[in-house]
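Reading the structure
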Amino acid sequence: PQAGAAWGEAITRIVAGGFVFLLDQERTLAFPLLAAYLDASEPDVRMASVGLVARLVQLPPPPLRIVALGEFAVLQGGHRIPERAWAARRAGELFRLLCVSPGYRLTRDQAVEALWPDKEPTAAAAQLHQATSALRRALEPDLPRRFPSRYLTFEDGVVGLRLPSGSWIDFEVFGTLLQQQRVEEAIALWGGELFPGDLYADWAAEPREALRTRYLRALLILARQRMEEGNAEAVLALCDRVLSQEAWHEEAVLLKMRACIDLGDRVGAIRLYRSLEQALRDEFNIEPQSAVRVLYQSIVS
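Residues numbered from 1 in each chain as written. Predicted model: local features only at pLDDT ≥ 70, side-chain atom pairs only at ≥ 80, totals over all residues. Heavy atoms only, no water.

Check the secondary structure of the protein and you find 15 helices and seven strands. The C-alpha atoms of the protein give a radius of gyration of 27 Å, which is well past the 19 Å a tight globule of 301 residues would have. Once the C-alpha set of the protein is aligned to its principal axes, its extents read approximately 100 × 45 × 30 Å. Within the protein, the fraction of its 301 residues that count as buried is 45%. Summed over all atoms, the accessible surface of the protein reaches about 16600 Å², with 51% contributed by carbon and sulfur. A distance of 3 Å separates the average location of the 34 positive side-chain charges in the protein from that of its 39 negative side-chain charges. (Helix = DSSP H or I, 4+ residues; strand = E, 2+ residues; numbered from the N terminus. Rg over C-alpha atoms; globule rule 2.2 N^0.38 Å. Buried < 20%, exposed > 50% of the residue type's maximum accessible area, 1.4 Å probe, protein only. Areas by Shrake-Rupley, 256 points an atom, 1.4 Å probe, with all protein chains shown as cover. Lys, Arg positive; Asp, Glu negative; His and termini not counted. Charge placed at Lys NZ, Arg CZ, Asp CG, Glu CD.)

Quick look at the pairing of strand 6 (residues 158–161) now. Burial of the side chains of strand 6 extends over both faces: Val158 and Gly160 are buried on one face and Val159 and Leu161 on the other. Strand direction decides the pairing type here: strand 4 (residues 105–107) and strand 6, joined by three bridges, are antiparallel. Bridge pairing in strand 6 places Arg105 opposite Gly160. The pairing of strand 5 (residues 152–155) with strand 6 spans four bridges and is antiparallel. (Pairing = 2+ DSSP bridges.)

Following the criterion strictly, the structure yields 11 aromatic pairs and no others. Consider the rings of Phe174 and Trp190, whose centres lie 5.3 Å apart with planes at 55°: the pair is tilted. Placement of Phe174 in helix 9 (residues 170–179) and of Trp190 in the loop between helix 10 (183–189) and helix 11 (202–228) is noted, with a sequence separation of 16 residues between them. The residues Phe174 and Trp190 share a single accessibility class, namely buried. Relative to Tyr296, the ring of Tyr273 lies with its centre 4.0 Å away and its plane at 10°, an arrangement referred to as stacked. Pair noted here: Tyr273 is in helix 14 (residues 266–284) and Tyr296 is in helix 15 (residues 290–300), with a separation of 23 residues, a long-range link. Residues Tyr273 and Tyr296 agree in their burial class; the two are buried. Counting every residue linked through ring pairs, the aromatic cluster contains Phe72, Trp86, Phe95, Phe195 and Trp203. One residue, Arg65, lies across the ring of Trp168, its end atom 3.8 Å from the ring centre. The lysine or arginine in question, Arg96, covers the ring of Phe72, its NZ or CZ lying 4.7 Å from the ring centre. (Phe/Tyr/Trp six-rings, centres within 6.5 Å; stacked < 30°, edge-to-face > 60°. Lys NZ or Arg CZ within 6 Å of the ring centre and 35° of its normal.)

Their axes nearest at 9 Å, the elements helix 1 (residues 2–16) and helix 4 (residues 43–58) cross at an angle of 35°. Of the two possible hands of crossing, helix 1 and helix 4 adopt the one that is left-handed. Each of Gly4, Trp7, Ile11 and Val15 in helix 1 lies in contact with helix 4, whose residues at this interface are Val45, Ala48, Ser49, Leu52 and Arg55. Looking at side-chain class alone, the contact of helix 1 with helix 4 contains six nonpolar, two polar and one charged residues. (Axes fitted to C-alpha atoms, helices over the stretch in contact; angles between N-to-C directions. Left-handed = near helix turned anticlockwise from the far one by under 90°. Contact = heavy atoms within 4.5 Å. Nonpolar A, V, L, I, M, F, W, Y, C, P; charged D, E, K, R; others polar.)

With that settled, consider the side chain of Gln76. The topology assignment puts Gln76 in strand 2 (residues 73–76). Reaching out from Gln76, the side chain makes a polar contact with the side chain of Tyr151 at a distance of 3.2 Å. Setting aside anything within four residues of it in sequence, one finds Gln76 in contact with Pro62, Pro63, Leu64, Ile81, Leu139 and Tyr151. (Polar contact = N/O pair within 3.5 Å; in protein donor to acceptor, adjacent residues only side chain to side chain.)

Overall, mixed pairing links the four strands, which are arranged 3-2-1-7 in an open sheet. Both edges of this open sheet fall to strand 3 (79–80) and strand 7 (168–169), since each of them pairs with a single strand only.

With that settled, the discussion passes to a nonpolar patch on the surface. Together, Phe19, Phe21 and Leu22 give the surface a local cluster of nonpolar side chains, amounting to about 270 Å² of exposed area. The topology assignment puts Leu22 in helix 2 (residues 20–25). Relative accessible area serves as the criterion here: at 38%, Leu22 is assigned to the partly exposed category. (Patch = residues over 30% accessible without salt bridge, like charges linked within 9 Å, V, L, I, M, F, W, Y side chains within 5 Å. Salt bridge = Lys/Arg side-chain N within 4 Å of Asp/Glu carboxyl O.)

Our focus in this paragraph is the nonpolar core. With 78 residues, the main nonpolar core has Trp86, Phe95, Leu135, Leu139 and Met257 as its most contacted residues. Look past the residues within four positions of Trp86 in its chain and what remains in contact with it is Phe72, Val74, Ile81, Ala91, Gly92, Phe95, Leu135, Ala138 and Leu139. Membership of the second largest hydrophobic core comes to 18 residues, among which are Trp7, Leu23, Leu56 and Leu143. (Core = buried A, V, L, I, M, F, W, Y, C linked by side-chain atoms within 4.5 Å.)

It is worth spelling out the pattern of salt bridges at this point. Scanning all chains against the criterion turns up 13 salt bridges. A salt bridge links Arg182 to Glu185; the shortest N-O distance between them is 2.8 Å. What makes Arg182 partly exposed here is its relative accessible area of 36%. Take Glu185: its relative accessible area is 41%, and that puts it in the partly exposed class. Residue Arg212 is joined to Glu209 by a salt bridge in which the shortest nitrogen-to-oxygen separation is 3.2 Å. Of the two residues, Arg212 and Glu209 both sit in helix 11, three residues apart, roughly one turn of that helix. Judged by relative accessible area, which is 38%, Glu209 ranks as partly exposed. Within the structure, one salt-bridge network assembled from shared partners comprises Glu71, Arg80 and Glu83.

This is a description of form; function is not addressed.
The structure is reproduced here in structure tokens:
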């Protein structure tokens, strides 16, 4: 009884002084104590504890910095969440799926279809519950079981990811930079394919290809700008990045051939055309477009 009374008085002083945020900073010590008093026998202490939880939920959690291009990493308040936290119960895959979902939300059926398409409905629902619980622990490992997550919501059959103010996802920033025509900055941000650990996941295929297409288009935009500036060396480097992913990309070959000509490398331009010709024949059984053929004929003649 004395401990309960002391805890109740402590809550009163904490709330009155506006120090609720300190409990969040010292969560390792404070949260287990608070969780214990949620079941206090004294009604006033129990109600004060419940009220304190409600106030804690209103505190903004640390923002997340999510790296998805070329690797997967999540930094929370400047500290990287350990990789082992994502491995439990497919917590990481559920998190990544939420990141690419509209509004960071999925219905139960959408999540099950994406992650457990071959499971019976009851088993799949259990798997989703386990994955959501594991993801909750990954994001807030010190959070007692009865505390609501500040990052995840699960209401009316919809699971959602709530990103605090100041959060950042690299592929979203990449898209914003392109919209603002800051192409060079967008290219500098590109670290590689979206979620490389999920290469064989069906749910990742469409957003990965859409991002890759925008990246290749950005490279070509910058290559054309460098061509207009007379920077043939930069054009070669940019086109090489395109051709390393699509050897049959005709616009990249055309730009690179012109850069070779500007640099006096006639043989290199001819070699490029013949490589393109072979790649198109092998992949699609077609010939290069007329613009590339015309440039080639002008070189060889």
